[in-house]
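Report on the structure
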Amino acid sequence: MAGVEEKRSFYSQNLRMEAQGRTTKNDGMRSDYASASQFSSLTNAGVSVFYGDMGMLGNKVFYCAQGATPLSLFLLSVGQLAVKDGEEAYAPYFEEIARNGDYALRAARYALPLAYCVDGGYNEAVAAYAAADGVLLQNAIAAAAGVLRPVMTLAAREVSFSAEFPAEAPAEFPAEGSAEVPSEGISEGENACFVAPADGLYYMVCDTTKNADQATARFYDAMPTGEEEPAYKRTYPKLYQNYYLPFGTLREGEAVTLTVTERGTGKELPRFSGNIYRFDGEAFADVAAYFCGEAAETLEFTPDGAVFSVTTERTDALLATSIPYDAGFRISVDGTEVKPEEIERHMDAFLGVRIPKGTHIVSFKYRTPGLFTGAAVSAGSGFLALI
């Protein structure tokens, strides 16, 4: 019973839970918890696009947290992560709070509630930053929040991994770089091996994955010579769906090699290239502070709606959520229903509504579009059948 009460308490915070190393995309629903992954013919198109733009795995029938960064999980209000030993634990962004055998339950260091306030022009600012050539959406999200230091810092440009074992180490890596304008000294070219320039969480953003199927990354404590076995391996399936490859937490000097098989043939591709980024924890903390600055309190949460209490000091605020946008939602602010055309798409994927300065009660209620019209037509048809 204690576990049930803990679960209810967790739900009351309106935070999602995610599992690493899932075997199917709907593990979350089978396990009876609200998950950031979903497999369904009813997946939300806007959310699917958001996942893809954020470097996560997804298509028309599912989206999955594979490839997620701590910022991605934060924006999806993921509060807890179930991790099996050997899988990426996102330390120090998720801290272990419980354990059962070789599984650990980890709580987010920064957890974004279901609803929160941002500046009224926030989404326009994201679009403006994202329009710049080569700027990752995650860095645009940070910049629009007033954090000009990128959360995804370029560590190595155009690393070209080879099926052959690397003969030499990369040229030189800086401790820091810019995701928009790479710094001088950033390694690029035919390196075939990546060596972490500093401790951190690393991701590879691939150039093209259309013909790629599965990747195998091998991790070494130092630049390998070709004789030693890797310390551990990780595989990444379905690369053709073009998500960020999470190399995970690496120590300074730790090395990574990568081999990729061709889709349809299973043969190793001779080369596979892309940029490698390091996740910046300090920038992320600043972004989290912006989003959590005016978080809403959940007063009620049901299968078809939610009620929030929120206070904002902004004269023009957007109450944003991580609830997928759907035309069936009706929103009222202090009892007054908002016109459907005034309901906004936060980040082109989630529900949002403008609110004025002050304290407000905001209610979200979902009604299936066309439900009452369909019911009326059915009732009328039934009546005619009786005549």
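Just above sits the structure.
Rules of the game
Residues numbered from 1 in each chain as written. Predicted model: local features only at pLDDT ≥ 70, side-chain atom pairs only at ≥ 80, totals over all residues. Heavy atoms only, no water. Pairing = 2+ DSSP bridges. Helix = DSSP H or I, 4+ residues; strand = E, 2+ residues; numbered from the N terminus. Axes fitted to C-alpha atoms, helices over the stretch in contact; angles between N-to-C directions. Contact = heavy atoms within 4.5 Å. Salt bridge = Lys/Arg side-chain N within 4 Å of Asp/Glu carboxyl O. Buried < 20%, exposed > 50% of the residue type's maximum accessible area, 1.4 Å probe, protein only. Phe/Tyr/Trp six-rings, centres within 6.5 Å; stacked < 30°, edge-to-face > 60°. Lys NZ or Arg CZ within 6 Å of the ring centre and 35° of its normal.

A closer look at the sheet that holds strand S8 (residues 115-119)
With antiparallel pairing, 4 strands are arranged side by side in an open sheet as S8-S20-S24-S23. Each having just a single partner strand, S8 and strand S23 (344-346) make up the two edges of the open sheet. On average, each strand axis in the sheet is inclined to that of its neighbour by 40 degrees, with strand direction left out of account. Bridge analysis of S8 against strand S20 (residues 317-324) gives 5 bridges, and the strand direction is antiparallel. Counted as the bridge partner of Ala 115 is Thr 321 from S20. Along the sheet, helix H5 (residues 122-130) makes contact with S8, S20, S23 and strand S24 (350-355), crossing S23 at roughly 50 degrees.

Let's talk about the pattern of salt bridges
A complete count under the given rule lists 13 salt bridges for this structure. Residue Arg 251 pairs with Glu 254 through a salt bridge whose shortest N-O separation is 3.8 Å. Between Glu 344 and Arg 354 there is a salt bridge, and its shortest N-O distance comes to 2.7 Å. Here Arg 354 lies in strand S24 and Glu 344 lies in strand S23, a separation of 10 residues in the sequence. The network of salt bridges with common partners includes Asp 85, Glu 96, Arg 99 and Arg 106.

Quick look at helix H3 (residues 45-53)
Listing the buried residues of H3 in full gives Gly 46, Val 47, Ser 48, Phe 50 and Tyr 51. Those residues of H3 that are buried lie in contact with strand S3 (57-58), strand S4 (62-64), helix H4 (70-75), S20 and S24. Just downstream of H3, Gly 55 is the residue with a positive phi angle, here 85 degrees.

A word on the environment of Ala 212
Tracing the backbone through its elements, the reader meets Ala 212 in strand S13 (residues 212-220). Classification of Ala 212 by relative accessible area gives buried; the value is 1%. Spatially, the C-alpha atoms of Ala 212 and Pro 237 are 9.3 Å apart, while their sequence positions differ by 25 residues.

Things to note about the packing of aromatic side chains
This model, assessed by the stated rule, comprises 19 aromatic pairs. Between Phe 161 and Phe 247 the ring centres are 6.3 Å apart and the planes differ by 90 degrees, which places this aromatic pair in the edge-to-face class. Of this pair, Phe 161 sits in strand S9 (residues 152-162) while Phe 247 sits in strand S15 (residues 245-250), and the two are 86 residues apart along the sequence. Classification of Phe 161 by relative accessible area gives buried; the value is 1%. Ring geometry for Phe 329 against Tyr 366: centres 5.1 Å apart, planes inclined by 65 degrees, an arrangement best described as edge-to-face. Of this pair, Phe 329 sits in strand S21 (residues 329-333) while Tyr 366 sits in strand S25 (residues 358-366), placing them 37 residues apart in sequence. Among the aromatic side chains, those forming a connected cluster through ring pairs are Phe 74, Tyr 93, Tyr 110, Tyr 116, Tyr 122, Phe 279, Phe 284, Tyr 290 and Phe 291. Between Arg 234 and the ring centre of Phe 219, over which it is positioned, the NZ or CZ distance is 5.7 Å.

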